[in-house]
Amino acid sequence: MKLIKGNKVINATKKAYEVVYKHLGYKIYNNEKNDLTEQPNNEDKEGINTIGIDNITKAEIIEKLTEKGIEHNPRDKKEVLYRLMIEGD
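Residues numbered from 1 in each chain as written. Predicted model: local features only at pLDDT ≥ 70, side-chain atom pairs only at ≥ 80, totals over all residues. Heavy atoms only, no water.

Asker: What am I meant to see in helix α3 (residues 78-88) here?
Answerer: Side chains that are three or four residues apart share a direction in an α-helix, a result of its 3.6 residues per turn. Considered for burial, the residues of α3 that qualify are L81, Y82 and M85. Looking straight down α3, one finds that the buried residues subtend no more than 100 degrees of arc, so they occupy a single side. (Buried < 20%, exposed > 50% of the residue type's maximum accessible area, 1.4 Å probe, protein only. Helix = DSSP H or I, 4+ residues; strand = E, 2+ residues; numbered from the N terminus. Arc of directions from axis to C-beta.)

Here is the structure:
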């Protein structure tokens, strides 16, 4: 199945979508719909100043969480720490 978040389209299994990608803001992409008004865009859930998970390292995420005073476990996966950082904004 194809998933979309902003301009990024990826392939994943249904289970991967339910467990990981759904919580990261991905939506199921239907190739048959070509109407741009129905497709999600970057402004759906992300602000203009949001950093993409692929554009930041785990160490940088931990540094930002520490600066903001957000409790976190540095041993958590990057995706979990990223979600904490985004929700803290």
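Asker: What should I look at first to understand the environment of K68 in this one?
Answerer: Note on placement: K68 falls in helix α2 (residues 58-68). Taking the C-alpha atoms as reference points, K68 and M85, separated by 17 residues in sequence, lie 8.8 Å from one another.

Asker: Even after reading the chapter, I still don't get the sheet that holds strand β1 (residues 2-5), so can you show me in this structure?
Answerer: Strands belonging to one sheet form pairs held by backbone hydrogen bonds; the direction of such a pair is parallel or antiparallel. The three strands lie next to each other as β2-β1-β3, forming an open sheet whose pairing is antiparallel. Both outer strands of the open sheet, β2 (8-11) and β3 (27-28), are each paired with one neighbouring strand and no more. Pairing of β1 with β3 involves two bridges; the strand directions are antiparallel. Within the sheet, the bridge partner assigned to I4 lies in β3 and is K27. (Pairing = 2+ DSSP bridges.)

Asker: Is there a simple way to think about the pattern of salt bridges in this case?
Answerer: One side chain can pair with another of opposite charge once the charged atoms of both are near each other. Counted under the stated rule, the structure contains two salt bridges. Here K8 ties to D54 by a salt bridge, and the two come within 2.4 Å at their closest N and O atoms. Note that K8 is positioned in strand β2 and D54 in the loop between β3 and α2, a separation of 46 residues in sequence. As a salt-bridge pair, E18 and K22 come within 3.7 Å of each other at their nearest N and O atoms. (Salt bridge = Lys/Arg side-chain N within 4 Å of Asp/Glu carboxyl O.)

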